[in-house]
Amino acid sequence: VYTQPFTACPTGTTAVGAAENRTCKINNTITGDVRLTNNATYVIDGPTRVGSGRNTGQGRLTIDPGTLITGSGAALSYLAIQPGSKLFAEGQPFAPIIFTGPTRSNGSWAGLVIAGNSQCNASQDGTPCTFEAVAAQQFGGNLTTESSGILKYVQVRYAGQEVRPNEELNSITLLGVGSGTVMENVQVYGGLDD
């Protein structure tokens, strides 16, 4: 699936080290449209959000098939899709999109958080809920058919970190995600906790 040579890190990312390393850090807040091409390795360093908040500063992150994204190893390195923003990660059977940690050990990074505007258990009137592990992460509402995007042929490896006892980020955390969100052929491997 590799279709073009690496020339520079795409918009929404910054180079890590020399250009020949082909390594780009994803900006900690993504607004607007950002595309991760499969000719580089991308690093998630700390909390990284698509959208600046719940239905504000909306972002759209598209990831090409065969792309490798790795956590940095810093505490709570995770990718969060905010309500109103979207992730389009459509791999192929022969070229999955791989999210992994810096080491092959369970919990070497925190994982994916996908938050939407659908109803959440702690709210019946459409007001937002708060994620226990990350209090700043609000989600939920009354848009039951909303879409947070697409995950197809995606692997999430060596993820999951405890924030406090019994409060953790798992490999993939879904918060108030609407029924329009598509998840097919998604694999979690070597996760910590759940």
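Okay, so let's go over this structure. (Residues numbered from 1 in each chain as written. Predicted model: local features only at pLDDT ≥ 70, side-chain atom pairs only at ≥ 80, totals over all residues. Heavy atoms only, no water.)

### Observations regarding the pattern of salt bridges
Part 1 of the reasoning: Summed over the entire model, instances satisfying the criterion amount to three salt bridges.
Part 2 of the reasoning: For arginine 35, the salt bridge goes to aspartate 64, with nearest N and O atoms at 2.9 Å. A residue pair is termed long-range when its members are at least 10 positions apart, and arginine 35 in strand S4 (residues 32-36) and aspartate 64 in the loop between strand S7 (59-63) and strand S8 (68-71) qualify at 29 residues.
Part 3 of the reasoning: Residue class for aspartate 64 comes out buried when judged on its relative accessible area of 14%. (Salt bridge = Lys/Arg side-chain N within 4 Å of Asp/Glu carboxyl O. Helix = DSSP H or I, 4+ residues; strand = E, 2+ residues; numbered from the N terminus. Buried < 20%, exposed > 50% of the residue type's maximum accessible area, 1.4 Å probe, protein only.)

### Focus on the state of the cysteines
Part 1 of the reasoning: The tally for this structure, following the rule as stated, stands at two disulfides.
Part 2 of the reasoning: In this model, cysteine 9 is linked to cysteine 24 through a disulfide, with the two sulfur atoms separated by 2.1 Å. The disulfide joining cysteine 9 to cysteine 24 has a torsion of about -90° about its S-S bond and is therefore left-handed. Of this pair, cysteine 9 sits in the segment before strand S1 (13-15) while cysteine 24 sits in strand S2 (residues 23-26), and the two are 15 residues apart along the sequence.
Part 3 of the reasoning: Residue cysteine 120 pairs covalently with cysteine 129 via a disulfide, S to S 2.0 Å. Measuring the twist about the S-S bond at about 85°, one finds the cysteine 120-cysteine 129 disulfide to be right-handed. In this pair, the class of cysteine 120 matches that of cysteine 129, namely buried. (Disulfide = S-S within 2.5 Å.)

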